[in-house]
Amino acid sequence: MFARPSQNLHQSKLSVEDLSEPRVWEESAPASESVDKRRRGALRGVADHDWITAVLCMVCDIVYWVVLYGIVGYVRRDQFFVSPFEFLLVDCVVLAVILQALYIIGGYNRNTEMRGLSYTTEHILAVAAAAAISSLIIYSAATFDTEMKPSRGVLLISFIFFLPISLAYRRFFRQLIAASAAQRTFLVIGSGELATRFYEAYKQSPKQQQLEFVDNDVARVGSAIADEGSPIIQGGIAARLAQLDGRYSGVILAQSIDRLSRELLDLLVRTQFQRTRVYTLESFHEVHWRHVPMHTIDPFWPLQMGFQLARISPYHYLKRLFDLIFSAVLLLISAPLVALIVLLIWMESGRPAIFRQLRVGCEGQIFTAYKFRTMFMPDLNEETTDLYTRKDDSRVTPVGRLLRKLRIDELPQLWNVFKGDMSLIGPRAEWTRCAERYEQIIPFYHFRHLVKPGITGWAQVNYPYGESDEDTVEKLQYDLYYIRHYSLKLDAMIVLKTVHTMLFGKGR
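The model shown is predicted, which means the values in this text are computed figures rather than measured ones.

1. Regarding the overall build of the protein
So, point 1. Counting its secondary structure elements, the protein contains 20 helices and eight strands.
So, point 2. Buried positions account for 46% of the 508 residues belonging to the protein.
So, point 3. For the protein, contacts bridging at least 24 residues in sequence account for 74% of all contacts bridging at least 6.
So, point 4. As displayed, the protein has an accessible area near 26,500 Å², and 62% of this comes from carbon and sulfur atoms.

Right, dumping it as C-alpha coordinates:
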(Lines give C-alpha, C1' and ligand atoms only; values in the text may rest on other atoms or scores of the structure.)
Protein backbone atom coordinates (compact mmCIF):
# COMPACT_ATOMS: atom_id res chain seq x y z
CA MET A 1 0.00 0.00 0.00
CA PHE A 2 2.84 2.33 0.84
CA ALA A 3 5.28 2.42 -2.06
CA ARG A 4 8.94 3.22 -1.52
CA PRO A 5 10.16 6.20 -3.50
CA SER A 6 12.92 5.47 -5.98
CA GLN A 7 14.87 8.71 -5.70
CA ASN A 8 18.48 8.80 -4.50
CA LEU A 9 18.42 8.30 -0.73
CA HIS A 10 21.29 10.74 -0.16
CA GLN A 11 20.07 13.60 -2.31
CA SER A 12 21.75 16.88 -1.37
CA LYS A 13 19.81 19.86 -0.06
CA LEU A 14 18.55 22.43 -2.55
CA SER A 15 17.90 26.05 -1.82
CA VAL A 16 14.67 27.75 -2.79
CA GLU A 17 16.56 29.94 -5.28
CA ASP A 18 18.03 26.90 -7.04
CA LEU A 19 14.54 25.51 -7.58
CA SER A 20 13.49 28.55 -9.60
CA GLU A 21 16.05 27.90 -12.34
CA PRO A 22 14.71 25.98 -15.36
CA ARG A 23 16.09 22.50 -16.04
CA VAL A 24 17.97 21.77 -19.27
CA TRP A 25 15.27 19.55 -20.69
CA GLU A 26 12.68 22.22 -20.07
CA GLU A 27 14.69 24.77 -22.03
CA SER A 28 15.16 22.51 -25.02
CA ALA A 29 11.60 21.20 -25.18
CA PRO A 30 9.57 22.20 -28.23
CA ALA A 31 7.19 25.08 -27.76
CA SER A 32 4.12 22.97 -28.63
CA GLU A 33 5.07 20.34 -26.07
CA SER A 34 5.48 23.01 -23.41
CA VAL A 35 2.05 24.40 -24.21
CA ASP A 36 0.49 20.93 -23.96
CA LYS A 37 2.15 20.32 -20.63
CA ARG A 38 0.98 23.66 -19.30
CA ARG A 39 -2.55 22.91 -20.49
CA ARG A 40 -2.57 19.47 -18.87
CA GLY A 41 -1.11 20.97 -15.71
CA ALA A 42 -3.84 23.61 -15.62
CA LEU A 43 -6.59 21.03 -16.11
CA ARG A 44 -5.10 18.80 -13.44
CA GLY A 45 -4.80 21.76 -11.12
CA VAL A 46 -8.48 22.56 -11.55
CA ALA A 47 -9.50 18.93 -11.06
CA ASP A 48 -7.51 18.72 -7.83
CA HIS A 49 -9.47 21.51 -6.14
CA ASP A 50 -11.87 20.29 -3.44
CA TRP A 51 -14.66 22.53 -4.72
CA ILE A 52 -14.77 20.93 -8.18
CA THR A 53 -16.62 17.86 -6.89
CA ALA A 54 -19.09 20.04 -4.99
CA VAL A 55 -19.83 22.23 -8.02
CA LEU A 56 -20.18 19.22 -10.33
CA CYS A 57 -22.60 17.41 -8.01
CA MET A 58 -24.57 20.59 -7.37
CA VAL A 59 -24.95 21.37 -11.08
CA CYS A 60 -26.07 17.79 -11.76
CA ASP A 61 -28.61 17.97 -8.91
CA ILE A 62 -30.07 21.26 -10.14
CA VAL A 63 -30.27 20.31 -13.81
CA TYR A 64 -31.54 16.81 -13.15
CA TRP A 65 -34.26 17.97 -10.73
CA VAL A 66 -35.54 20.80 -12.97
CA VAL A 67 -35.70 18.54 -16.04
CA LEU A 68 -37.19 15.62 -14.12
CA TYR A 69 -39.85 17.69 -12.37
CA GLY A 70 -40.81 19.38 -15.59
CA ILE A 71 -41.13 16.08 -17.49
CA VAL A 72 -43.16 14.37 -14.75
CA GLY A 73 -45.46 17.38 -14.45
CA TYR A 74 -45.97 17.48 -18.24
CA VAL A 75 -46.67 13.74 -18.50
CA ARG A 76 -49.19 13.81 -15.65
CA ARG A 77 -50.83 17.04 -16.97
CA ASP A 78 -50.12 18.78 -13.68
CA GLN A 79 -52.36 21.81 -13.08
CA PHE A 80 -50.35 22.99 -10.10
CA PHE A 81 -48.86 26.06 -11.77
CA VAL A 82 -50.86 28.99 -13.10
CA SER A 83 -47.69 30.69 -14.36
CA PRO A 84 -44.03 29.90 -15.12
CA PHE A 85 -43.09 31.97 -12.09
CA GLU A 86 -44.82 29.52 -9.76
CA PHE A 87 -42.98 26.61 -11.42
CA LEU A 88 -39.69 28.44 -10.85
CA LEU A 89 -40.61 29.33 -7.27
CA VAL A 90 -41.45 25.73 -6.33
CA ASP A 91 -38.29 24.48 -8.01
CA CYS A 92 -36.23 26.96 -5.99
CA VAL A 93 -37.85 25.88 -2.72
CA VAL A 94 -37.33 22.17 -3.41
CA LEU A 95 -33.77 22.61 -4.61
CA ALA A 96 -32.86 24.72 -1.59
CA VAL A 97 -34.06 21.94 0.72
CA ILE A 98 -32.40 19.16 -1.34
CA LEU A 99 -29.05 20.94 -1.54
CA GLN A 100 -29.06 21.64 2.18
CA ALA A 101 -29.98 18.05 3.07
CA LEU A 102 -27.26 16.57 0.86
CA TYR A 103 -24.73 19.12 2.10
CA ILE A 104 -25.39 18.03 5.69
CA ILE A 105 -24.50 14.38 4.98
CA GLY A 106 -21.38 15.30 2.98
CA GLY A 107 -22.92 14.80 -0.45
CA TYR A 108 -20.76 17.62 -1.85
CA ASN A 109 -17.52 16.66 -0.11
CA ARG A 110 -14.94 14.83 -2.22
CA ASN A 111 -13.59 13.13 0.91
CA THR A 112 -16.92 11.43 1.66
CA GLU A 113 -16.94 7.74 0.81
CA MET A 114 -20.15 7.50 -1.22
CA ARG A 115 -19.86 3.89 -2.35
CA GLY A 116 -20.66 2.20 0.95
CA LEU A 117 -23.89 1.13 2.60
CA SER A 118 -23.58 3.79 5.29
CA TYR A 119 -23.64 6.71 2.87
CA THR A 120 -26.34 5.06 0.74
CA THR A 121 -28.62 4.90 3.77
CA GLU A 122 -27.84 8.47 4.74
CA HIS A 123 -28.51 9.62 1.17
CA ILE A 124 -31.91 7.90 1.19
CA LEU A 125 -32.77 9.44 4.55
CA ALA A 126 -31.62 12.89 3.42
CA VAL A 127 -33.69 12.81 0.22
CA ALA A 128 -36.70 11.48 2.15
CA ALA A 129 -36.33 14.29 4.69
CA ALA A 130 -36.01 16.82 1.85
CA ALA A 131 -39.20 15.46 0.29
CA ALA A 132 -41.11 15.78 3.56
CA ILE A 133 -39.86 19.28 4.39
CA SER A 134 -40.30 20.72 0.89
CA SER A 135 -43.79 19.21 0.64
CA LEU A 136 -44.72 20.77 3.96
CA ILE A 137 -43.51 24.19 2.79
CA ILE A 138 -45.16 23.99 -0.66
CA TYR A 139 -48.55 22.70 0.45
CA SER A 140 -48.68 25.04 3.42
CA ALA A 141 -48.15 27.94 0.99
CA ALA A 142 -50.76 26.50 -1.39
CA THR A 143 -53.46 26.78 1.28
CA PHE A 144 -53.25 30.57 0.96
CA ASP A 145 -53.75 30.53 -2.82
CA THR A 146 -57.01 28.97 -4.00
CA GLU A 147 -55.90 28.99 -7.65
CA MET A 148 -53.01 26.61 -6.99
CA LYS A 149 -53.80 22.90 -7.22
CA PRO A 150 -50.89 20.96 -5.79
CA SER A 151 -50.18 17.57 -7.32
CA ARG A 152 -48.72 15.37 -4.61
CA GLY A 153 -48.15 12.61 -7.12
CA VAL A 154 -45.84 14.72 -9.32
CA LEU A 155 -43.68 15.75 -6.37
CA LEU A 156 -43.54 12.21 -4.97
CA ILE A 157 -42.69 10.58 -8.32
CA SER A 158 -40.02 13.21 -8.97
CA PHE A 159 -38.32 12.45 -5.65
CA ILE A 160 -38.56 8.70 -6.28
CA PHE A 161 -36.72 9.06 -9.60
CA PHE A 162 -34.31 11.68 -8.25
CA LEU A 163 -33.08 9.43 -5.43
CA PRO A 164 -31.36 6.58 -7.34
CA ILE A 165 -29.92 8.74 -10.14
CA SER A 166 -28.46 11.35 -7.76
CA LEU A 167 -26.84 8.52 -5.81
CA ALA A 168 -25.58 6.83 -8.98
CA TYR A 169 -23.63 9.79 -10.35
CA ARG A 170 -22.15 10.48 -6.93
CA ARG A 171 -20.87 6.93 -6.78
CA PHE A 172 -19.48 7.38 -10.30
CA PHE A 173 -17.70 10.63 -9.39
CA ARG A 174 -16.34 9.05 -6.21
CA GLN A 175 -15.01 6.11 -8.22
CA LEU A 176 -13.14 8.51 -10.51
CA ILE A 177 -11.74 10.45 -7.55
CA ALA A 178 -10.62 7.25 -5.81
CA ALA A 179 -8.95 5.94 -8.98
CA SER A 180 -7.12 9.23 -9.47
CA ALA A 181 -6.13 9.51 -5.79
CA ALA A 182 -4.76 5.97 -5.69
CA GLN A 183 -2.13 6.99 -8.25
CA ARG A 184 -0.95 9.96 -6.23
CA THR A 185 0.90 10.40 -2.94
CA PHE A 186 0.73 12.44 0.25
CA LEU A 187 4.05 14.07 1.03
CA VAL A 188 4.69 13.79 4.79
CA ILE A 189 7.30 16.15 6.22
CA GLY A 190 8.89 14.63 9.31
CA SER A 191 10.32 11.34 10.52
CA GLY A 192 10.08 11.49 14.30
CA GLU A 193 7.57 10.10 16.77
CA LEU A 194 4.68 12.19 15.44
CA ALA A 195 5.29 10.95 11.88
CA THR A 196 5.56 7.32 13.04
CA ARG A 197 2.28 7.54 14.96
CA PHE A 198 0.61 9.13 11.97
CA TYR A 199 1.84 6.30 9.72
CA GLU A 200 0.45 3.67 12.10
CA ALA A 201 -2.93 5.45 12.23
CA TYR A 202 -3.01 5.90 8.44
CA LYS A 203 -2.21 2.21 7.92
CA GLN A 204 -5.34 1.28 9.90
CA SER A 205 -7.56 3.70 7.96
CA PRO A 206 -9.40 2.99 4.68
CA LYS A 207 -7.35 5.62 2.84
CA GLN A 208 -5.75 4.23 -0.33
CA GLN A 209 -3.23 6.92 -1.21
CA GLN A 210 0.43 6.23 -0.63
CA LEU A 211 2.62 8.11 1.82
CA GLU A 212 6.11 9.45 1.15
CA PHE A 213 8.14 10.62 4.15
CA VAL A 214 10.86 13.28 3.79
CA ASP A 215 13.24 14.89 6.24
CA ASN A 216 16.36 17.04 5.89
CA ASP A 217 17.94 15.29 8.89
CA VAL A 218 20.79 13.29 7.29
CA ALA A 219 20.88 10.88 10.24
CA ARG A 220 17.33 9.69 9.49
CA VAL A 221 17.43 9.61 5.70
CA GLY A 222 17.50 6.03 4.40
CA SER A 223 15.82 4.39 7.41
CA ALA A 224 12.26 3.05 7.61
CA ILE A 225 9.59 5.21 9.20
CA ALA A 226 8.33 2.28 11.30
CA ASP A 227 8.67 -1.49 11.01
CA GLU A 228 10.13 -3.50 8.15
CA GLY A 229 8.25 -2.85 4.92
CA SER A 230 7.22 0.69 5.89
CA PRO A 231 8.19 3.67 3.67
CA ILE A 232 11.84 4.75 3.55
CA ILE A 233 12.61 8.29 4.71
CA GLN A 234 13.88 10.47 1.86
CA GLY A 235 15.80 13.72 1.86
CA GLY A 236 15.39 16.95 -0.08
CA ILE A 237 12.14 18.49 1.15
CA ALA A 238 12.38 21.59 -1.04
CA ALA A 239 12.94 19.56 -4.22
CA ARG A 240 9.79 17.52 -3.64
CA LEU A 241 7.72 20.60 -2.84
CA ALA A 242 8.65 21.81 -6.31
CA GLN A 243 7.11 18.65 -7.87
CA LEU A 244 3.71 18.73 -6.16
CA ASP A 245 1.72 19.27 -9.36
CA GLY A 246 3.00 16.06 -10.88
CA ARG A 247 3.08 13.54 -8.05
CA TYR A 248 1.57 14.75 -4.79
CA SER A 249 -2.01 15.50 -3.81
CA GLY A 250 -1.17 17.19 -0.53
CA VAL A 251 1.48 17.94 2.07
CA ILE A 252 1.20 16.78 5.69
CA LEU A 253 3.32 18.50 8.31
CA ALA A 254 4.18 15.78 10.86
CA GLN A 255 6.77 17.51 13.00
CA SER A 256 6.94 20.50 15.31
CA ILE A 257 7.26 23.94 13.77
CA ASP A 258 10.48 24.71 15.65
CA ARG A 259 12.32 22.05 13.60
CA LEU A 260 11.60 23.86 10.33
CA SER A 261 13.77 26.57 8.90
CA ARG A 262 12.28 29.94 8.05
CA GLU A 263 12.93 29.35 4.34
CA LEU A 264 11.02 26.07 4.45
CA LEU A 265 8.13 27.66 6.35
CA ASP A 266 7.90 30.40 3.71
CA LEU A 267 7.87 27.74 0.99
CA LEU A 268 5.08 25.84 2.77
CA VAL A 269 3.02 29.03 3.02
CA ARG A 270 3.39 29.70 -0.70
CA THR A 271 2.52 26.07 -1.41
CA GLN A 272 -0.67 26.35 0.66
CA PHE A 273 -1.89 29.52 -1.05
CA GLN A 274 -0.74 28.87 -4.62
CA ARG A 275 -0.53 25.17 -5.37
CA THR A 276 -1.52 22.36 -2.98
CA ARG A 277 -3.11 22.16 0.42
CA VAL A 278 -0.75 21.81 3.38
CA TYR A 279 -2.21 19.95 6.36
CA THR A 280 -1.12 19.99 9.95
CA LEU A 281 -1.72 16.66 11.67
CA GLU A 282 -4.74 18.15 13.45
CA SER A 283 -6.31 19.51 10.26
CA PHE A 284 -5.72 16.22 8.40
CA HIS A 285 -7.41 14.23 11.17
CA GLU A 286 -10.34 16.62 11.21
CA VAL A 287 -10.84 16.81 7.43
CA HIS A 288 -10.31 13.15 6.54
CA TRP A 289 -11.13 11.24 9.73
CA ARG A 290 -13.50 13.66 11.50
CA HIS A 291 -11.83 13.54 14.91
CA VAL A 292 -9.22 15.51 16.86
CA PRO A 293 -5.92 13.70 17.59
CA MET A 294 -5.11 13.60 21.29
CA HIS A 295 -1.49 14.69 20.85
CA THR A 296 -2.65 18.12 19.61
CA ILE A 297 -4.63 18.87 22.78
CA ASP A 298 -3.16 21.18 25.41
CA PRO A 299 -4.61 23.24 28.29
CA PHE A 300 -5.28 26.16 25.92
CA TRP A 301 -7.09 24.08 23.29
CA PRO A 302 -10.61 25.45 24.07
CA LEU A 303 -9.26 29.01 23.72
CA GLN A 304 -8.25 28.58 20.10
CA MET A 305 -10.07 30.47 17.38
CA GLY A 306 -12.67 28.66 15.32
CA PHE A 307 -14.77 27.25 18.16
CA GLN A 308 -18.53 27.60 17.79
CA LEU A 309 -19.17 26.81 21.45
CA ALA A 310 -19.40 30.31 22.91
CA ARG A 311 -22.43 30.85 25.11
CA ILE A 312 -23.31 33.94 23.06
CA SER A 313 -23.76 31.74 19.98
CA PRO A 314 -27.41 31.87 18.81
CA TYR A 315 -27.33 28.12 18.19
CA HIS A 316 -26.60 27.48 21.87
CA TYR A 317 -30.03 28.85 22.77
CA LEU A 318 -31.74 27.48 19.68
CA LYS A 319 -30.52 23.99 20.54
CA ARG A 320 -32.08 24.21 24.00
CA LEU A 321 -35.37 25.22 22.39
CA PHE A 322 -35.15 22.22 20.05
CA ASP A 323 -34.42 19.96 23.03
CA LEU A 324 -37.51 21.18 24.87
CA ILE A 325 -39.86 20.82 21.92
CA PHE A 326 -38.61 17.50 20.56
CA SER A 327 -38.23 15.82 23.96
CA ALA A 328 -41.79 16.80 24.89
CA VAL A 329 -43.18 15.56 21.57
CA LEU A 330 -41.17 12.33 21.70
CA LEU A 331 -42.23 11.65 25.28
CA LEU A 332 -45.88 11.92 24.25
CA ILE A 333 -45.46 9.82 21.09
CA SER A 334 -43.43 7.11 22.82
CA ALA A 335 -45.67 6.80 25.88
CA PRO A 336 -47.41 3.61 24.62
CA LEU A 337 -44.02 2.07 23.73
CA VAL A 338 -42.62 2.98 27.16
CA ALA A 339 -45.57 1.30 28.85
CA LEU A 340 -45.11 -1.86 26.73
CA ILE A 341 -41.37 -2.05 27.50
CA VAL A 342 -42.00 -1.57 31.23
CA LEU A 343 -44.50 -4.43 31.13
CA LEU A 344 -42.06 -6.73 29.31
CA ILE A 345 -39.30 -6.02 31.85
CA TRP A 346 -41.66 -6.68 34.76
CA MET A 347 -42.77 -9.97 33.24
CA GLU A 348 -39.21 -11.11 32.56
CA SER A 349 -37.23 -10.08 35.65
CA GLY A 350 -39.47 -8.07 37.95
CA ARG A 351 -39.07 -4.54 39.21
CA PRO A 352 -37.74 -1.92 38.83
CA ALA A 353 -38.10 -1.36 35.10
CA ILE A 354 -36.31 2.00 35.22
CA PHE A 355 -32.66 2.03 36.25
CA ARG A 356 -31.20 5.16 37.89
CA GLN A 357 -27.54 6.07 37.83
CA LEU A 358 -25.47 9.10 38.79
CA ARG A 359 -23.72 10.60 35.75
CA VAL A 360 -21.55 13.62 34.98
CA GLY A 361 -23.13 16.47 33.04
CA CYS A 362 -22.09 19.85 31.69
CA GLU A 363 -19.31 21.55 33.67
CA GLY A 364 -18.98 18.45 35.87
CA GLN A 365 -22.42 18.70 37.48
CA ILE A 366 -23.81 15.39 38.77
CA PHE A 367 -27.35 14.33 37.84
CA THR A 368 -29.49 11.21 37.93
CA ALA A 369 -29.91 9.58 34.53
CA TYR A 370 -32.78 7.23 33.71
CA LYS A 371 -32.82 4.26 31.36
CA PHE A 372 -34.62 0.95 31.00
CA ARG A 373 -33.07 -1.77 33.12
CA THR A 374 -31.35 -4.19 30.75
CA MET A 375 -29.46 -6.37 33.27
CA PHE A 376 -30.49 -8.79 35.99
CA MET A 377 -30.84 -7.08 39.36
CA PRO A 378 -27.98 -8.90 41.24
CA ASP A 379 -25.57 -7.71 38.53
CA LEU A 380 -26.40 -4.04 39.02
CA ASN A 381 -24.37 -3.54 42.22
CA GLU A 382 -22.44 -0.38 41.39
CA GLU A 383 -19.59 -1.31 43.73
CA THR A 384 -18.71 -4.60 42.03
CA THR A 385 -20.07 -4.36 38.49
CA ASP A 386 -17.71 -4.16 35.51
CA LEU A 387 -17.23 -0.71 34.01
CA TYR A 388 -17.94 -2.04 30.51
CA THR A 389 -20.65 -4.14 28.91
CA ARG A 390 -18.89 -6.89 26.96
CA LYS A 391 -20.05 -8.58 23.79
CA ASP A 392 -22.55 -11.37 24.62
CA ASP A 393 -22.45 -10.19 28.26
CA SER A 394 -24.25 -12.77 30.43
CA ARG A 395 -25.54 -10.02 32.75
CA VAL A 396 -27.84 -8.63 30.03
CA THR A 397 -31.41 -9.95 29.94
CA PRO A 398 -32.99 -11.17 26.66
CA VAL A 399 -35.33 -8.16 26.60
CA GLY A 400 -32.42 -5.90 27.50
CA ARG A 401 -30.35 -7.28 24.64
CA LEU A 402 -33.14 -6.39 22.21
CA LEU A 403 -33.50 -2.90 23.68
CA ARG A 404 -29.76 -2.29 23.37
CA LYS A 405 -29.68 -3.57 19.82
CA LEU A 406 -32.49 -1.20 18.80
CA ARG A 407 -30.90 1.66 20.77
CA ILE A 408 -34.08 2.34 22.73
CA ASP A 409 -32.84 1.35 26.19
CA GLU A 410 -32.08 5.03 26.85
CA LEU A 411 -35.51 6.28 25.83
CA PRO A 412 -36.33 7.40 29.43
CA GLN A 413 -33.45 9.88 29.14
CA LEU A 414 -35.84 12.06 27.16
CA TRP A 415 -37.00 13.15 30.62
CA ASN A 416 -33.43 14.22 31.43
CA VAL A 417 -33.40 16.21 28.19
CA PHE A 418 -36.70 17.88 29.03
CA LYS A 419 -35.40 18.85 32.48
CA GLY A 420 -32.19 20.27 31.01
CA ASP A 421 -29.70 17.77 32.45
CA MET A 422 -28.92 16.50 28.96
CA SER A 423 -29.36 17.37 25.32
CA LEU A 424 -30.64 15.17 22.51
CA ILE A 425 -27.17 15.33 20.94
CA GLY A 426 -23.81 15.50 22.69
CA PRO A 427 -21.08 13.33 24.24
CA ARG A 428 -22.26 10.27 26.11
CA ALA A 429 -23.19 10.93 29.74
CA GLU A 430 -20.66 8.84 31.68
CA TRP A 431 -21.24 7.12 35.00
CA THR A 432 -19.49 9.07 37.79
CA ARG A 433 -17.29 6.08 38.62
CA CYS A 434 -16.09 5.88 35.00
CA ALA A 435 -15.57 9.63 34.72
CA GLU A 436 -13.43 9.74 37.88
CA ARG A 437 -11.22 6.96 36.52
CA TYR A 438 -10.88 8.50 33.05
CA GLU A 439 -9.95 11.94 34.41
CA GLN A 440 -7.04 10.34 36.27
CA ILE A 441 -5.59 8.37 33.33
CA ILE A 442 -6.64 10.35 30.20
CA PRO A 443 -5.22 13.87 29.78
CA PHE A 444 -7.78 16.61 29.19
CA TYR A 445 -10.71 14.19 29.50
CA HIS A 446 -12.62 16.93 31.34
CA PHE A 447 -12.89 18.97 28.11
CA ARG A 448 -15.80 16.75 27.03
CA HIS A 449 -17.81 18.29 29.89
CA LEU A 450 -17.79 21.68 28.15
CA VAL A 451 -21.15 20.77 26.59
CA LYS A 452 -24.21 18.92 27.82
CA PRO A 453 -24.12 15.15 27.36
CA GLY A 454 -26.54 13.69 24.84
CA ILE A 455 -28.61 10.60 24.13
CA THR A 456 -26.71 10.25 20.86
CA GLY A 457 -23.53 11.90 19.66
CA TRP A 458 -20.67 12.04 17.15
CA ALA A 459 -18.63 9.38 18.97
CA GLN A 460 -21.60 7.02 19.29
CA VAL A 461 -22.35 7.05 15.54
CA ASN A 462 -18.71 6.84 14.39
CA TYR A 463 -17.11 4.39 16.80
CA PRO A 464 -18.32 1.02 18.08
CA TYR A 465 -19.30 0.43 21.70
CA GLY A 466 -16.21 0.90 23.89
CA GLU A 467 -15.07 -1.83 26.24
CA SER A 468 -11.57 -0.67 27.19
CA ASP A 469 -9.61 2.42 28.18
CA GLU A 470 -8.15 2.53 24.66
CA ASP A 471 -11.66 2.67 23.19
CA THR A 472 -12.47 5.53 25.56
CA VAL A 473 -9.49 7.51 24.24
CA GLU A 474 -10.60 6.89 20.65
CA LYS A 475 -14.14 8.01 21.40
CA LEU A 476 -12.85 11.09 23.21
CA GLN A 477 -11.22 12.22 19.96
CA TYR A 478 -14.66 12.21 18.29
CA ASP A 479 -16.22 14.03 21.25
CA LEU A 480 -13.58 16.76 20.98
CA TYR A 481 -14.31 17.06 17.26
CA TYR A 482 -17.98 17.60 18.12
CA ILE A 483 -17.09 20.29 20.66
CA ARG A 484 -14.86 22.08 18.15
CA HIS A 485 -17.43 21.94 15.31
CA TYR A 486 -20.54 22.47 17.44
CA SER A 487 -23.20 23.42 14.88
CA LEU A 488 -26.64 22.73 13.44
CA LYS A 489 -25.09 20.98 10.44
CA LEU A 490 -23.15 18.53 12.62
CA ASP A 491 -26.20 17.84 14.80
CA ALA A 492 -28.30 17.15 11.70
CA MET A 493 -25.63 14.76 10.44
CA ILE A 494 -25.65 12.93 13.80
CA VAL A 495 -29.44 12.56 13.64
CA LEU A 496 -29.24 10.92 10.20
CA LYS A 497 -26.40 8.63 11.29
CA THR A 498 -28.35 7.70 14.42
CA VAL A 499 -31.37 6.68 12.34
CA HIS A 500 -29.03 4.60 10.16
CA THR A 501 -27.57 2.94 13.27
CA MET A 502 -31.03 2.13 14.66
CA LEU A 503 -32.24 0.71 11.33
CA PHE A 504 -29.28 -1.66 11.10
CA GLY A 505 -29.22 -2.59 14.78
CA LYS A 506 -25.64 -1.75 15.71
CA GLY A 507 -26.22 -1.29 19.41
CA ARG A 508 -24.98 -3.55 22.18
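Back to the write-up after that little detour.
2. Points about the side chain of Q477
So, point 1. In this fold, Q477 is placed in helix α19 (residues 469-484).
So, point 2. Residues contacting Q477, with those up to four places away along its chain left out, are H291, V292, P293 and M294.

3. Regarding the nonpolar core
So, point 1. In this structure, W458, L480 and Y482 are the most contacted members of the largest nonpolar core, which totals 46 residues.
So, point 2. Examining the composition of this core, we find that six residues originate from one element, α19, more than from any other.
So, point 3. In this structure, Y482 is in contact with K319, I425, G426, P427, V451, W458, L490, D491 and I494, ignoring residues within four places of it in sequence.
So, point 4. Core analysis: the second largest hydrophobic core is formed by 33 residues, V72, I138, F159 and L167 among them.

4. Considering the pattern of salt bridges
So, point 1. For the structure on display, the rule yields 18 salt bridges.
So, point 2. The closest approach of N and O atoms between E286 and R484, which form a salt bridge, is 3.3 Å. Of the two residues, E286 is situated in helix α12 (residues 281-289) and R484 in helix α19; the sequence distance between them amounts to 198 residues. Neither E286 nor R484 differs from the other in exposure class; each is buried.
So, point 3. One salt bridge in this structure joins E410 and R428, with 3.2 Å as the shortest N-O distance. Of this pair, E410 sits in the loop between α15 (398-405) and α16 (413-419) while R428 sits in the loop between β7 (423-425) and α17 (432-441); the two residues are 18 residues apart in sequence, bridging distant segments of the chain.

5. Digging into unusual backbone geometry
So, point 1. Of note in this structure, R407 is not a glycine but carries a positive phi near 60 degrees.
So, point 2. Looking at where R407 falls in the secondary structure, it is placed in the loop between α15 and α16.
So, point 3. The partly exposed category is assigned to R407, whose relative accessible area is 33%.
So, point 4. At F444, a position not held by glycine, the phi torsion is positive, near 60 degrees.
So, point 5. Among the secondary structure elements, F444 is positioned in the loop between α17 and β8 (454-456).

6. Describing the side chain of H285
So, point 1. Among the secondary structure elements, H285 is positioned in helix α12.
So, point 2. The residues touching H285, leaving out its near neighbours within four places in the chain, are F198, R290, H291 and P293.

7. With respect to the packing of helix α6 (residues 117-142) against helix α7 (residues 152-182)
So, point 1. For the pair α6 and α7, interaxial distance at closest approach is 10 Å and the crossing angle is 150 degrees. Relative to α7, the element α6 is oriented roughly antiparallel. Note on packing geometry: the crossing formed by α6 with α7 is right-handed. For the pair α6 and α7, contact is made by Y119, T120, H123, I124, V127, A130, A131, S134, S135, I138 and Y139 and by R152, L155, F159, F162, L163, S166, L167, R170 and R171, respectively.
So, point 2. The class makeup of the residues in the contact of α6 with α7 is 12 nonpolar, five polar and three charged.

8. Comments concerning the pairing of strand β5 (residues 354-360)
So, point 1. Bridge analysis of β5 against strand β6 (residues 366-372) gives seven bridges, and the strand direction is antiparallel. Considered in β6, the bridge of L358 is made with T368.
So, point 2. Here β5 folds back onto β6, and the loop between the two strands holds five residues, one of which, E363, carries a positive phi near 60 degrees.

9. Digging into the packing of aromatic side chains
So, point 1. Inspection of every chain in the model, using the stated rule, returns 25 aromatic pairs.
So, point 2. Every member of this aromatic cluster is reached through a ring pair, and the members are F186, F198, Y202, Y279, F284 and W289.
So, point 3. Taking NZ or CZ as reference, R170 lies 5.0 Å from the ring centre of Y108, over its face.
So, point 4. Looking at R351, its charged tip hangs above the ring of W346, at a distance of 4.3 Å from the centre.

10. A word on the environment of G426
So, point 1. Within the fold, G426 resides in the loop between β7 and α17.
So, point 2. Each C-alpha atom, one on G426 and one on D491, is 8.6 Å from the other, the two residues being 65 residues apart in sequence.
So, point 3. Residues in contact with G426, not counting those within four places in the same chain, are K452, P453, G454, T456, G457, Q460 and Y482.

11. So, the confidence of the model for the protein
So, point 1. Confidence along the protein averages 80 in pLDDT terms, with 81% of residues attaining 70 or more.
So, point 2. Below a pLDDT of 50 lies the segment residues 1-47, which in the model reaches 52 contacts outside its immediate sequence neighbourhood of four places, other chains included.

Analysis parameters
Residues numbered from 1 in each chain as written. Predicted model: local features only at pLDDT ≥ 70, side-chain atom pairs only at ≥ 80, totals over all residues. Heavy atoms only, no water. Helix = DSSP H or I, 4+ residues; strand = E, 2+ residues; numbered from the N terminus. Buried < 20%, exposed > 50% of the residue type's maximum accessible area, 1.4 Å probe, protein only. Contact = heavy atoms within 4.5 Å. Areas by Shrake-Rupley, 256 points an atom, 1.4 Å probe, with all protein chains shown as cover. Core = buried A, V, L, I, M, F, W, Y, C linked by side-chain atoms within 4.5 Å. Salt bridge = Lys/Arg side-chain N within 4 Å of Asp/Glu carboxyl O. Axes fitted to C-alpha atoms, helices over the stretch in contact; angles between N-to-C directions. Parallel < 35°, antiparallel > 145°, perpendicular 65-115°, else oblique. Left-handed = near helix turned anticlockwise from the far one by under 90°. Nonpolar A, V, L, I, M, F, W, Y, C, P; charged D, E, K, R; others polar. Pairing = 2+ DSSP bridges. Phe/Tyr/Trp six-rings, centres within 6.5 Å; stacked < 30°, edge-to-face > 60°. Lys NZ or Arg CZ within 6 Å of the ring centre and 35° of its normal. pLDDT = per-residue confidence, 0-100.

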